[in-house]
Amino acid sequence: TPVISAEGKEVIVIKTVEDLLAFVEKCDTDIWSADKLVELEAEISLVGVEFEQVSGFVGTFNGSGHAITDWHYIGSGYADGFFRYITPSGIVQNLTISGWVESENEEKCTGGFCGVNGGWILECTFSGRVEGKSETGGIAGENESTGTISSCTAGGSVTGYDRAGGIVGGNYGTIRNCTNKAGINSDSSWLEEEDEAGLAWLLEDVEERKLVSGTDIGGIAGYSKGLLINCNNEGVVGYEHNGYNIGGIVGRQSGQVI
């Protein structure tokens with residue numbers, strides 16, 4: 001008999017790696033997680049585990065202060081992260097994820113927690129490495145207009161060529177009370193890979209230089225058309241003498257920064 005929460009949602013308990021993998025498999029269809037409350041009740045390590053991202057999430061995922069560690073994922077399509085897409089009705093809260101994610105092929109919307117967030121990510125922490133190309137962030141690659149990211153922290157490193165930020169790459173919704181401790185495009189090695197001579201900043205072609213050095217790079221958001229409120233950046237942003245539109249909080253914005 002399913003356990004029903006006080007809010008009328010079916011409770012799904014995750015205590016083991018097997019429980020987590022079963023949950024991920026069922027989320028292949030967005031409809032399954034509707035009216036579900038997922039409770040993480042133990043620390044889970046993904047060492048040696050082949051883990052596919054959560055395709056789409058509609059319900060509520062409560063980490064209960066626990067951590068999912070040693071997560072490694074190489075994406076090959078649009079939107080890559082632990083959750084590929086959190087829908088406007090989706091909530092992820094009180095969860096820590098550590099590991100790394102990188103995107104191949106399309107390389108758009110890459111984040112530690114999710115590729116694209118349309119819902120609410122609350123009191124979550126990501127620690128590790130995120131590598132993408134366009135819209136790359138420690139928490140989410142893109143935060144949609146319906147999305148809210150609140151009281152979250154990112155640490156480690158974020159690398160992206162266009163719209164890279166410690167919390168999100170591209171923000172069209174609300175980011176509040178968040179702290180970034182990750183370095184954003186702060187390691188010169190990724191620049192030198194683009195130029196055998198290691199002199200990426202001397203490239204003559206303007207468009208090629210923009211690609212190599214990064215455009216719209218910020219401590220909280222690379223680009224924001226939404227709201228950034230009460231956020232703090234402690235990470236190093238940008239490699240010296242390189243990049244376009246680099247900011248401690250946001251690289252380029254047409255919204256509100258409070």
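So, here is what we can say about the structure in this document.

About the cut-offs
Residues numbered from 1 in each chain as written. Predicted model: local features only at pLDDT ≥ 70, side-chain atom pairs only at ≥ 80, totals over all residues. Heavy atoms only, no water. Helix = DSSP H or I, 4+ residues; strand = E, 2+ residues; numbered from the N terminus. Buried < 20%, exposed > 50% of the residue type's maximum accessible area, 1.4 Å probe, protein only. Contact = heavy atoms within 4.5 Å. Areas by Shrake-Rupley, 256 points an atom, 1.4 Å probe, with all protein chains shown as cover. Pairing = 2+ DSSP bridges. Axes fitted to C-alpha atoms, helices over the stretch in contact; angles between N-to-C directions. Core = buried A, V, L, I, M, F, W, Y, C linked by side-chain atoms within 4.5 Å.

### With respect to the overall build of the protein
Here is step 1: Across its full length, the protein carries 3 helices and 29 strands.
Here is step 2: Relative to its 258 residues, the protein shows a buried fraction of 54%.
Here is step 3: Taking the intrachain contacts of the protein between residues at least 6 apart in sequence as the baseline, contacts between residues at least 24 apart amount to 80%.
Here is step 4: Here the protein displays about 11000 Å² of accessible surface, and carbon together with sulfur accounts for 46% of that area.

### A short note on the sheet that holds strand β11 (residues 114–117)
Backbone-to-backbone hydrogen bonds pair the strands of a sheet. The strands run either parallel or antiparallel.
Here is step 1: Within the open sheet, the 7 strands sit side by side as β4-β7-β11-β15-β19-β24-β28. Their pairing is parallel. Strand pairing shows two members of the sheet lacking a second neighbour, β4 (54–57) and β28 (250–253), which therefore form its edges. When strand polarity is set aside, the average angle formed by the axes of neighbouring strands in this sheet is 10°.
Here is step 2: The pairing of strand β19 (residues 168–171) with strand β24 (residues 221–224) spans 3 bridges and is parallel. When the bridges of β24 are listed, Asn171 appears paired with Ser224.

### Some points on the environment of Gly112
Here is step 1: Along the polypeptide, Gly112 turns up in the loop between β10 (108–111) and β11.
Here is step 2: Of the residues examined, Gly112 reaches a relative accessible area of 0% and is grouped as buried.
Here is step 3: Along the chain, Gly112 and Ser127 lie 15 residues apart, while their C-alpha atoms are 8.1 Å from each other.
Here is step 4: In contact with Gly112, not counting residues within four places along its chain, are Trp71, Phe82, Val101, Phe126, Val130, Gly137, Gly138 and Ile139.

### Topic: the nonpolar core
Here is step 1: Ranked by size, the top nonpolar core spans 52 residues in total, and within it Phe23, Phe61 and Ile149 carry the most contacts.
Here is step 2: For this core, the leading source of residues is helix α1 (residues 17–26), giving 4 residues.
Here is step 3: Those residues in contact with Ile149 that sit more than four places away from it in its chain are Asn117, Ile121, Ile139, Ala140, Asn143, Ile167, Val168, Thr174, Ile175, Arg176 and Cys178.

### A closer look at the pairing of β24
Here is step 1: Of the pairings in the sheet, the one linking β24 to β28 comprises 3 bridges and is parallel in character. Bridge pairing in β28 links Ala221 to Val250.

So far we have only geometry, and geometry alone does not tell us how the molecule works.
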